Amino acid sequence: MAAFLRSKCPSVGRTLMGSLGNSLFGAANSSVEAVARPSHCDAISQQIRTFIQMRTNLKVVDNSGAKRVMCIQSLRGKKGARLGDTIIGSVKEAQPRGKVKKGDVVYGVVVRAAMKKGRSDGSEVQFDDNAIVLVNNKGELIGTRVFGPVPHELRKKKHLKILALAEHIV
């Protein structure tokens with residue numbers, strides 16, 4: 001969906017400015033004005049993809065009962081968490097009869113991140129959303145299923161149980 005918004009947004013901004021140019025400057029100058037002015041929509045559609053840090057909302061992709069978690073602390077370092085890192089979070093949305101409730105403080109492993117991660121073969125992996133799988137303080141999974149794709153970089157971080165339960169490994 002993010003790519004769809006990026007492709008549609010600039011054309012809408014130029015169309016709006018073209019119509020403003022026609023009404024204000026006349027038909028001769030309107031095409032020049034529409035091309036010369038930068039669209040404000042371009043700046044809005046470009047998001048800065050950074051580390052997962054405090055107050056980042058993450059989607060939960062297991063069947064533990066939580067839907068959305070807000071990051072309280074990254075256990076990696078000062079900058080934030082990346083793929084395979086553990087974070088501490090607070091459950092913001094939960095299903096009615098799940099294993100975790102709204103307001104619970106939980107541990108989670110980052111399985112998808114919107115920030116690009118370079119691989120040793122030169123390729124890069126990037127996801128559309130930030131997602132985690134909930135674990136307890138010993139590192140054992142709370143849920144019994146993992147939904148969606150997960151990167152194989154989790155193998156280096158010793159999260160083999162997540163890879164075994166995942167639907168698709170990227």
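See above for the structure.
Bear in mind the structure is a predicted one, so any value in this text is a computation, not a measurement.

Caption draft 1: Geometry of the sheet that holds strand E1 (residues 57-60). Taking strand neighbours around the barrel as the criterion, the five strands line up as E1-E2-E3-E4-E7 in a closed arrangement whose pairing is mixed. For this sheet the average axis-to-axis angle between neighbouring strands, irrespective of direction, equals 55 degrees. Where strand E2 (residues 66-74) meets strand E3 (residues 86-94), seven bridges bridge the pair, whose relative direction is antiparallel. Residue pairing for E3: Met-70 is matched across the bridge by Ser-90.

Caption draft 2: Expanded view of the nonpolar core. With 18 residues, the main nonpolar core has Ile-52, Ile-87, Val-110, Ile-132 and Leu-134 as its most contacted residues. Looking at this core element by element, the count peaks at three residues for E2. Apart from residues lying up to four places away in sequence, Leu-134 is in contact with Val-60, Asp-62, Ser-64, Ala-66, Val-69, Val-100, Val-106, Tyr-107, Gly-108, Leu-141 and Ile-142. Val-61, Ala-131, Val-150 and Leu-163 belong to the second largest nonpolar core, which has 12 residues in total.

Caption draft 3: Focus on the pattern of salt bridges. Tallying each qualifying case throughout the model produces six salt bridges. The partner of Glu-93 in a salt bridge is Arg-68, with the nearest N and O atoms 3.0 Å apart. Note that Glu-93 is positioned in strand E3 and Arg-68 in strand E2, a separation of 25 residues in sequence. Residue Glu-93 is classed as partly exposed on the basis of its relative accessible area, which comes to 38%. Between Glu-153 and Arg-119 there is a salt bridge, and its shortest N-O distance comes to 2.7 Å. Of this pair, Glu-153 sits in the loop between strand E8 (146-150) and helix H4 (160-165) while Arg-119 sits in the loop between strand E5 (117-118) and strand E6 (124-125), and the two are 34 residues apart along the sequence. Under the relative-accessibility criterion, Glu-153 is labelled buried at 8%. Its relative accessible area of 21% is what places Arg-119 among the partly exposed residues. Several salt bridges share partner residues, and in doing so they unite Arg-76, Asp-85 and Lys-157 into one network.

Caption draft 4: Spotlight on the environment of Ile-87. Locating Ile-87 in the fold gives a position in strand E3. For Ile-87, a relative accessible area of 0% gives the class buried. Expressed as a C-alpha distance, the spacing of Ile-87 and Ile-132, which sit 45 residues apart in the sequence, is 9.0 Å. If we ignore the near neighbours within four places in the chain, the residues touching Ile-87 are Leu-58, Cys-71, Gln-73, Ser-74, Leu-75, Ala-81, Val-106, Tyr-107, Gly-108, Val-110 and Ile-132.

The rules behind each value
Residues numbered from 1 in each chain as written. Predicted model: local features only at pLDDT ≥ 70, side-chain atom pairs only at ≥ 80, totals over all residues. Heavy atoms only, no water. Pairing = 2+ DSSP bridges. Helix = DSSP H or I, 4+ residues; strand = E, 2+ residues; numbered from the N terminus. Axes fitted to C-alpha atoms, helices over the stretch in contact; angles between N-to-C directions. Core = buried A, V, L, I, M, F, W, Y, C linked by side-chain atoms within 4.5 Å. Buried < 20%, exposed > 50% of the residue type's maximum accessible area, 1.4 Å probe, protein only. Contact = heavy atoms within 4.5 Å. Salt bridge = Lys/Arg side-chain N within 4 Å of Asp/Glu carboxyl O.

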